[in-house]
Amino acid sequence: IGLAMARGLALALKAPLAACSTFEAVQANLAVDGEARALLAIDSRRDEIFLALDTPAQPFIARPNEAVARLPRAAYALIGDGAGLMRAAFAAAGRADEVAAIDEQPPVAARFAPALIARGVEHWRARNAGEGLPGPLYLREADVTMPKPAGWR
């Protein structure tokens, strides 16, 4: 709803819209020490976790144990409110030694808003011109579907 309102205002005011996914915003401000790979984990509250590995990354959704099975062996810095669930999944898979660091704080806008602002108006004008106005990022199918029309078989 918020993104739809922002898109409407941008169109009406002929102004650029500065937006990025939570993944992009958090990853823009990550400082991971050493050789550990940053693994951003956001709890979906539905037995799945939204994940993005390093930057730039294509986020994906998976159950914690499935995510660990997909990830290559490496040292990981687990970041986000799903980090504890991922740490438990690494331990259950016998890979607890791969968790180098953990930060379970949820993404906070105050941490990444400065990075959006620092890019400047012209960056966002060019991005909007090239990619269109930002749209939602859906990693899972909707749980609700439209009812079938009367008489449909």
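Residues numbered from 1 in each chain as written. Predicted model: local features only at pLDDT ≥ 70, side-chain atom pairs only at ≥ 80, totals over all residues. Heavy atoms only, no water.

Engineer: Give me the lowdown on the packing of aromatic side chains, citing residues and values where you can.
Structural biologist: Scanning the entire structure with this criterion turns up 1 aromatic pair. Seen from their ring centres, Tyr76 and Phe90 are 5.4 Å apart, and the 40° between their planes marks the pair as tilted. With Tyr76 in strand β4 (residues 76-79) and Phe90 in helix α4 (residues 83-92), the pair connects residues that are 14 residues apart, well separated along the chain. A single burial state applies to Tyr76 and to Phe90, both of which are buried. Cation over ring: Arg70 sits above Phe60, and NZ or CZ is 4.1 Å from the ring centre. (Phe/Tyr/Trp six-rings, centres within 6.5 Å; stacked < 30°, edge-to-face > 60°. Helix = DSSP H or I, 4+ residues; strand = E, 2+ residues; numbered from the N terminus. Buried < 20%, exposed > 50% of the residue type's maximum accessible area, 1.4 Å probe, protein only. Lys NZ or Arg CZ within 6 Å of the ring centre and 35° of its normal.)

Engineer: Any chance you could break down the nonpolar core for me, citing the residues and the numbers?
Structural biologist: Membership of the largest hydrophobic core comes to 17 residues, with the highest contact counts inside it found for Leu39, Leu51, Leu71, Tyr76, Leu78, Met86 and Phe90. Among the secondary structure elements, those contributing two or more residues to this core are β1 (37-43), β2 (49-53), β3 (60-62), α3 (64-70), β4 and α4. Of the residues forming this core, the biggest block, 4 residues, is contributed by α4. (Core = buried A, V, L, I, M, F, W, Y, C linked by side-chain atoms within 4.5 Å.)

Engineer: Explain the sheet that holds β2 to me, and be specific about the residues and the numbers.
Structural biologist: One open sheet holds the 5 strands; their spatial order is β3-β2-β1-β4-β5, and the pairing between them is mixed. Where the open sheet ends on each side, the last strands, each with one partner, are β3 and β5 (99-103). This sheet shows a mean twist of 25° between the axes of neighbouring strands, independent of strand direction. Here β1 runs beside β2; their pairing, made up of 5 bridges, is antiparallel. By the bridge assignment for β2, Leu40 is matched with Ala52. (Pairing = 2+ DSSP bridges. Axes fitted to C-alpha atoms, helices over the stretch in contact; angles between N-to-C directions.)

Engineer: Please set out unusual backbone geometry residue by residue, giving values where relevant.
Structural biologist: Even without being a glycine, Lys14 presents a positive backbone phi close to 55°. For Lys14, the location among the structural elements is in the loop between α1 (2-13) and α2 (22-28).

Engineer: Please give an account of the pairing of β1 that cites residues and values.
Structural biologist: Every other side chain in a regular strand lies on the same face of the sheet, so the side chains alternate between the two faces. Among the 7 residues of β1, 6 are classified as buried, and the element is accordingly described as predominantly covered. Where β1 and β4 come together, 4 bridges link them in parallel fashion. Considered in β4, the bridge of Arg37 is made with Tyr76.

Engineer: An account of α1 is needed here, citing residue identities and associated values.
Structural biologist: Under the 1.5 Å per step criterion, the end-to-end length of α1 is 16 Å for 12 residues, consistent within 8% with the ideal 16 Å. Where α1 terminates, the next one or two residues include Lys14, which has phi positive at roughly 55°. (Expected span 1.5 Å × (residues − 1).)

Engineer: So, the side chain of Asp43: which residues are in play, and what are the values?
Structural biologist: For Asp43, the position within the fold is in strand β1. Engagement of the side chain of Asp43 in a polar contact is seen with the side chain of Arg45, the distance being 2.7 Å. With residues near it in sequence (within four places) discarded, Asp43 still touches Glu48, Asp81, Gly82 and Leu85. (Polar contact = N/O pair within 3.5 Å; in protein donor to acceptor, adjacent residues only side chain to side chain. Contact = heavy atoms within 4.5 Å.)

Engineer: I'd love a proper account of a nonpolar patch on the surface, names of residues and values included.
Structural biologist: On the surface, Met5, Leu9 and Leu13 cluster together into a nonpolar patch covering about 340 Å² of accessible area. Its location among the elements puts Leu9 in helix α1. Residue Leu9 is classed as partly exposed on the basis of its relative accessible area of 46%. (Patch = residues over 30% accessible without salt bridge, like charges linked within 9 Å, V, L, I, M, F, W, Y side chains within 5 Å. Areas by Shrake-Rupley, 256 points an atom, 1.4 Å probe, with all protein chains shown as cover. Salt bridge = Lys/Arg side-chain N within 4 Å of Asp/Glu carboxyl O.)

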